[in-house]
Amino acid sequence: MSLKKNKLFIIFTFILCIQFAILSETKAFWQRGPKALIIIDGIKYTRDDYIHWWHEWREPGATIKDDPEDFIEWMLLFREAERMQLFKNPAYQRKVNVFLKVRSLLLLKQEEVDQHINPPSSEDLWDFYQSEYAPVLKMKLVQAKTREEALKIKEKADTGISIEEAAEISGLNDIKNRLMMIGPIRPLNIPEPIRKSVYDLPAQQTGGPVLWQDSWCVYEIIENKEGTEEDFESLRKELIRKKVRSEENRLTQALIERLKKKYALNVNEKVLAAIGSEGVNPEKEKEIVISFKGGNVTADMLFKAIRKESHLRSGNRRGGMDFEKIRDRVVADMIAQTLTSREALERHYERKMPFKHTFEFYSQRRMIKEFEKVVIESNTQISTDEVSQFYDKNKERYARIGSVDMALVKTQEKELADSLAVRLKTGEDFFSVMQVLAPAGIQVKRISFDKLSASQWDVVSKLEPGQVSGSFQDKNDICFVKLIRREEKTYIPLKEVTEQIREELKRMKFTETRKEIIHKLKERSEIQTDSNEWGKLRDQLLSEEHAATNK
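Scope of this entry: the structure provided in the associated data block. (Residues numbered from 1 in each chain as written. Predicted model: local features only at pLDDT ≥ 70, side-chain atom pairs only at ≥ 80, totals over all residues. Heavy atoms only, no water.)

## Side note on the overall build of the protein chain
The number of helices and strands found in the protein chain is 21 helices and 18 strands. Taking 24 Å as the expected radius of gyration for a compact globule of 551 residues, we find that the protein chain reaches 41 Å, considerably beyond that expectation. By its C-alpha atoms, the protein chain is 135 × 100 × 55 Å across when sized along the principal axes. Scored against the burial criterion, the 551 residues of the protein chain give a buried share of 36%. Sequence separation of 24 or more characterises 71% of the internal contacts of the protein chain that already satisfy a separation of 6 or more. About 34,600 Å² of surface is accessible on the protein chain, with carbon and sulfur atoms providing 51% of the total. In the protein chain, the 94 positive side-chain charges and the 90 negative ones have mean positions that sit 5 Å from each other. (Helix = DSSP H or I, 4+ residues; strand = E, 2+ residues; numbered from the N terminus. Rg over C-alpha atoms; globule rule 2.2 N^0.38 Å. Buried < 20%, exposed > 50% of the residue type's maximum accessible area, 1.4 Å probe, protein only. Contact = heavy atoms within 4.5 Å. Areas by Shrake-Rupley, 256 points an atom, 1.4 Å probe, with all protein chains shown as cover. Lys, Arg positive; Asp, Glu negative; His and termini not counted. Charge placed at Lys NZ, Arg CZ, Asp CG, Glu CD.)

Set out below in structure tokens:
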């Protein structure tokens, strides 16, 4: 071999060695990582895959089974649904999107609000108590139609007479309906306009006039009771709850303010002002009233939302002031919901732990549900003949058990029973003869056939209404019976149970069809389970369940 050929051979061999090394390293790389628990058609599922699925799938109280068949069947159905591209179905997409939106909003709240709230200190609670719960007031309040009328009442009351006397002297009409006794009441429950002016008034003082509920109010403080430690302690739980709620509201509002800047929110006040209780200025209907990055709300869209809310809250009454309040509330709610929903989705919690596994499980479950709906439920239609045949084969299931109205008397005294039996044979009245065994009176009871003992049924079944039995043995008792009425067993008509039977047959056919499909999927799939790995995992999960149960 020439030197040139020898060099070429060496180079070629060297290249082959490098390629073999690369291939070997590549193979080794793909073989690394978690060990496979189950392999379905080349797709590897690890112990972690099973654990995450199990924690989402199991029902309360369920225990791990002897084999991973439930997981295998789940994955076979999911993969088949995926192969059929059922993820494109609108019903699937709608349900998954709603689930994602709702859970993402909860996670956003947890991240931006909940985790920033600390339990309030006693000092903070006391300050909150003093501002919202103390003092406790009792007061009288008079409602006047005009401010002048109210001032006149106030002037008279300031001379030292009671507020109702002042109202009467001032010539106020219908005093009975205009005078209110309020209290005991805490500051947080006092209407805001009145609250500001009564807060520091001592007992026996009058205040006002204040405009409230379209009336000018004058009031007299009857009692002003300062807060106490005992009262504070009795309200501690409520104070904590309301203080935490107040902090939630503050943090939520701070988040919304940040999101307004992030998404460049803008409210066009001129267009908003064109929306009135009767509708929108036609020239402004299609103009944008709320804008933000990625979306807009037009005037007519907002009016429809306001009208819907107005009807829910006020029926058909829509005054100007009420409408404006509702309009402002709808705008605020729409901004808050839109911005937080947008932000929650943009954070993609479905890609992060721990929600990632929950979302994957839910998406798979919805895919399987779509598969069952499209493939299985479409094959579970039940004909009228099938319903009729099922009814005939299972007629006893639809039986109404018969019953008897009868008087039953028992004794364990044989000689007395024999003498009573003789008297009955001579035709004496049953209730008169049996009175000696039941001095308090003999009751006639309705008893269903299935509640009668074998001995009682043997006797009663041979009697006609009105007839009396002779004495008969029933376990340790000697019994006598008078049959009053017998209602034979009847059957519920087929037409009354048709839908019930149809639904039952659907469930049965659904279960059967599902099993058949799973069997076919298993037959055409290559499934491998590492029994040693499964045994270790099962022992681990059983141990965890035992530990959790015995905490």
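## A word on the layout of surface pockets
In this structure, the largest pocket occupies an estimated 280 Å³ of space. In terms of lining residues, the largest pocket is bounded by 13 residues, among which Thr252, Ile256, Ala332, Asp333 and Ala336 are the most central. No other element matches the seven residues that helix α14 (residues 320-346) contributes to the lining of the largest pocket. Looking at the lining of the largest pocket residue by residue, the class counts come to five nonpolar, six polar and two charged. In this structure, the second largest pocket encloses a volume near 220 Å³. (1 Å grid on protein atoms, 1.4 Å probe; cavity = no way out; pocket = protein on both sides within 12 Å on 5 of 7 lines; lining within 4 Å. Points joined across faces, edges and corners; volume = space filled by probe spheres on them. Nonpolar A, V, L, I, M, F, W, Y, C, P; charged D, E, K, R; others polar.)

## A word on the nonpolar core
Core analysis: the biggest nonpolar cluster contains 62 residues, and Tyr50, Ile275, Ile290 and Leu302 have the highest contact counts within it. Every residue in contact with tyrosine 50, bar those within four places of it in the chain, is listed here: Leu37, Ile64, Pro68, Phe71, Trp534, Leu537 and Leu541. Grouped together as the second largest cluster of nonpolar side chains are 14 residues, Ile185, Ile194, Val198 and Trp212 included. (Core = buried A, V, L, I, M, F, W, Y, C linked by side-chain atoms within 4.5 Å.)

## Focus: the pattern of salt bridges
Applying the stated criterion across every chain yields a total of 44 salt bridges. With its nearest N and O atoms 3.2 Å apart, the salt bridge here joins lysine 260 to glutamate 257. Here lysine 260 pairs with glutamate 257, and both are found in helix α11 (residues 236-262), just three residues apart, close to one helical turn. Shared partners join several salt bridges into a network, and the residues in it are Glu111, Glu112, Arg258, Lys262, Glu343 and Arg347. (Salt bridge = Lys/Arg side-chain N within 4 Å of Asp/Glu carboxyl O.)

## Observations concerning the sheet that holds strand β7 (residues 266-267)
The strand order β7-β10-β11 describes an open sheet built from three strands, whose pairing is antiparallel. At either end of the open sheet lies a strand with only one pairing partner, and these are β7 and β11 (295-298). Relative to strand β10 (residues 288-292), β7 runs antiparallel, the two sharing two bridges. Across the sheet, the residue bridging to asparagine 266 is serine 291, located in β10. (Pairing = 2+ DSSP bridges.)

## Some remarks on unusual backbone geometry
Going from glycine 208 to proline 209, the amide bond is cis rather than trans, its omega being 0 degrees. Considering the arrangement of structural elements, one finds proline 209 in strand β5 (residues 206-212). Methionine 353 connects to proline 354 through a cis peptide bond whose omega is 5 degrees. Note on placement: proline 354 falls in the loop between α14 and α15 (355-376). Backbone geometry places alanine 264, a non-glycine residue, at a positive phi of 50 degrees. Along the polypeptide, alanine 264 turns up in the loop between α11 and β7. Given a relative accessible area of 44%, alanine 264 falls into the partly exposed group. The phi dihedral of lysine 475 falls on the positive side, at around 60 degrees, and the residue is not glycine. Among the secondary structure elements, lysine 475 is positioned in the loop between β15 (472-474) and β16 (477-487).

## Some points on the packing of aromatic side chains
Applying the stated criterion across every chain, the model contains 20 aromatic pairs. Judged by centre distance (5.3 Å) and plane angle (35 degrees), the ring pair of tryptophan 126 and tyrosine 129 falls under tilted. Pair noted here: tryptophan 126 and tyrosine 129 are both in helix α5 (residues 122-132), with a separation of three residues, about one helical turn. The exposure class of tyrosine 129 is buried, given its relative accessible area of 0%. Here the aromatic cluster, defined as three or more aromatic residues joined through ring pairs, consists of Tyr45, Tyr50, Trp53, Trp54, Trp57, Phe71, Trp74, Phe361 and Trp534. The ring of tryptophan 216 is capped by arginine 147, whose NZ or CZ atom sits 5.8 Å from the centre of that ring. Sitting over the face of the ring of tyrosine 349, lysine 352 holds its NZ or CZ atom 5.3 Å from the ring centroid. (Phe/Tyr/Trp six-rings, centres within 6.5 Å; stacked < 30°, edge-to-face > 60°. Lys NZ or Arg CZ within 6 Å of the ring centre and 35° of its normal.)

## Focus on the environment of tyrosine 362
Along the chain, tyrosine 362 turns up in helix α15. Residue tyrosine 362 is classed as buried on the basis of its relative accessible area, which comes to 12%. Considered as a pair, tyrosine 362 and glutamate 56 are 306 residues apart in the sequence and their alpha carbons are 8.7 Å apart. Ignoring anything within four residues of it in the chain, the contact list for tyrosine 362 reads Lys95, Val96 and Phe99.

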